[in-house]
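Reading the structure
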Amino acid sequence: MSMPGYEIHRCYDDIGPIRVFEDGIKRYLAFGTDAEQSCIDLTSPGKLEYEYTQAMMLALLYQPNPGRATVLGLGAGSMVHCLQEYDPTMRLEVVELRPLVAEVAQQWFLLAPSPSLNLHLEDAGHYMAKVSNQSDLIFTDIYNDVGMIDTQLEADYLANCYRSLSSEGVLVINLWEEGRGRNPRAMQRIRNQFGSNCLTCSVDDGNLIVFAFKGSMPEHNPRRLQPLAKKLGRKIDAPLHKLVARLREI
């Protein structure tokens, strides 16, 4: 898959290349191959460009006033931009394995220091094993140039995410099976930790977003959620009302 636009920056760390492409007002991040990993609109960085990231924001329907959120996997920082615009006072704990990715996000993708943003440069699994504070939302989106990192499927990782959620917190997981049959295995691991207190949302590019609830399962009524989704969608500039119809109980 070729990248849109043209390459404007390339750098390397021990894991491999980190590349930045630009096409008009869109700027893209890629690892290794030409397949894009993340994208922002330079004129509106809080606007989510990919449907799967838009779907992940459906969690705000269930936790509309999160005091603290954890984002595992920074990439270009598109979800961080969106959450900061949604609520600038929200405490954000952002975990990124590769320091150079964080540098690229700051230099090329408008990620700026903020009193409410804590950036942790370490492995997500190690971070979740030791973190003591609790989050109302945890977003886990850990990928490299060849696909999903297996950490997201490990029982200990899911248990640590569960422990680190507030009593009514929501874990949001981006799954992508890539034809390897990972989703059924991941879903069983999630059920082992959260029981049936989960919803899924499939998106057109092959991702499956899972919402796992630490507390009781919310009433699943897409029709009642529609007006809330439209209001939230207007706030973050995303067609969330369309994605609500794809929510399913597991």
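Residues numbered from 1 in each chain as written. Predicted model: local features only at pLDDT ≥ 70, side-chain atom pairs only at ≥ 80, totals over all residues. Heavy atoms only, no water.

Within the chain, the regular secondary structure consists of eight helices and 14 strands. In terms of C-alpha radius of gyration, the chain reaches 17 Å, essentially the compact-globule figure of 18 Å for 250 residues. If one aligns the C-alpha atoms of the chain with their principal axes, the spans along those axes are about 45 × 40 × 35 Å. Sequence separation of at least 24 residues holds for 64% of the intrachain contacts in the chain that already meet a minimum separation of 6. By element, 48% of the accessible surface of the chain is carried by carbon and sulfur atoms, the whole surface being about 11000 Å². If you average the places of the 25 positive and of the 31 negative side-chain charges in the chain, the two averages end up 7 Å apart. (Helix = DSSP H or I, 4+ residues; strand = E, 2+ residues; numbered from the N terminus. Rg over C-alpha atoms; globule rule 2.2 N^0.38 Å. Contact = heavy atoms within 4.5 Å. Areas by Shrake-Rupley, 256 points an atom, 1.4 Å probe, with all protein chains shown as cover. Lys, Arg positive; Asp, Glu negative; His and termini not counted. Charge placed at Lys NZ, Arg CZ, Asp CG, Glu CD.)

Bringing the side chain of Arg19 into the picture now. Of note, Arg19 is situated in strand E2 (residues 17–23). Residue Arg19 is classed as buried on the basis of its relative accessible area, which comes to 11%. A polar side-chain atom of Arg19 sits 3.0 Å from a polar atom in the side chain of Glu7. (Buried < 20%, exposed > 50% of the residue type's maximum accessible area, 1.4 Å probe, protein only. Polar contact = N/O pair within 3.5 Å; in protein donor to acceptor, adjacent residues only side chain to side chain.)

Looking now at the sheet that holds strand E4 (residues 36–41). Across the sheet, four strands lie side by side as E1-E2-E3-E4; this open sheet has antiparallel pairing. Looking at which strands have only one partner, the edges of the open sheet turn out to be strand E1 (6–12) and E4. Along the sheet, successive strands turn relative to each other by an average axial angle of 20 degrees, direction set aside. (Pairing = 2+ DSSP bridges. Axes fitted to C-alpha atoms, helices over the stretch in contact; angles between N-to-C directions.)

The tendency in soluble globular proteins is for nonpolar side chains to be buried as a group. Membership of the largest hydrophobic core comes to 50 residues, with the highest contact counts inside it found for Met57, Leu58, Phe139 and Phe211. For this core, the element with the highest residue contribution is helix H2 (residues 78–86), accounting for five residues. Residues within four places of Phe139 in sequence aside, it is in contact with Met56, Met57, Ala59, Ala69, Thr70, Val71, Leu72, Met79, Leu83 and Val172. Among the nonpolar cores identified, the runner-up in size contains 26 residues, and Met128, Met148, Tyr157 and Leu165 belong to it. (Core = buried A, V, L, I, M, F, W, Y, C linked by side-chain atoms within 4.5 Å.)

Here we take up the sheet that holds strand E11 (residues 165–176). Taken together, the eight strands give an open sheet; going across it, the order is E7-E6-E5-E8-E11-E13-E12-E14, and neighbouring strands pair in mixed fashion. Single-partner strands in this sheet number two, and they are strand E7 (117–121) and strand E14 (247–249). Neighbouring strand axes in the sheet, compared pairwise and without regard to direction, differ in orientation by 20 degrees on average. Note: E11 against strand E13 (residues 207–213), seven bridges, orientation antiparallel. Its bridge partner lying in E13, Ile173 is registered against Val210.

On to the packing of aromatic side chains, then. Two numbers describe a pair of aromatic rings. These are the distance of the centres and the angle of the planes. For the structure shown, the criterion picks out three aromatic pairs. Look at Tyr62 and Phe213: their rings are 5.1 Å apart centre to centre, the planes differ by 80 degrees, and that puts the pair in the edge-to-face class. Note that Tyr62 is positioned in the loop between helix H1 (51–56) and strand E5 (68–72) and Phe213 in strand E13, a separation of 151 residues in sequence. With a centroid separation of 5.2 Å and an interplanar angle of 70 degrees, the aromatic rings of Tyr162 and Phe194 are classed as edge-to-face. In this pair, Tyr162 sits in helix H5 (residues 155–164) while Phe194 sits in helix H6 (residues 182–194), placing the two residues 32 residues apart along the sequence. Owing to a relative accessible area of 27%, Tyr162 belongs among the partly exposed residues under this scheme. Residue Phe194 is classed as buried on the basis of its relative accessible area, which comes to 5%. A cation over a ring is seen here: Arg98 above Phe31, with NZ or CZ 4.9 Å from the ring centre. (Phe/Tyr/Trp six-rings, centres within 6.5 Å; stacked < 30°, edge-to-face > 60°. Lys NZ or Arg CZ within 6 Å of the ring centre and 35° of its normal.)

On their own, these measurements won't tell you what the molecule is for.
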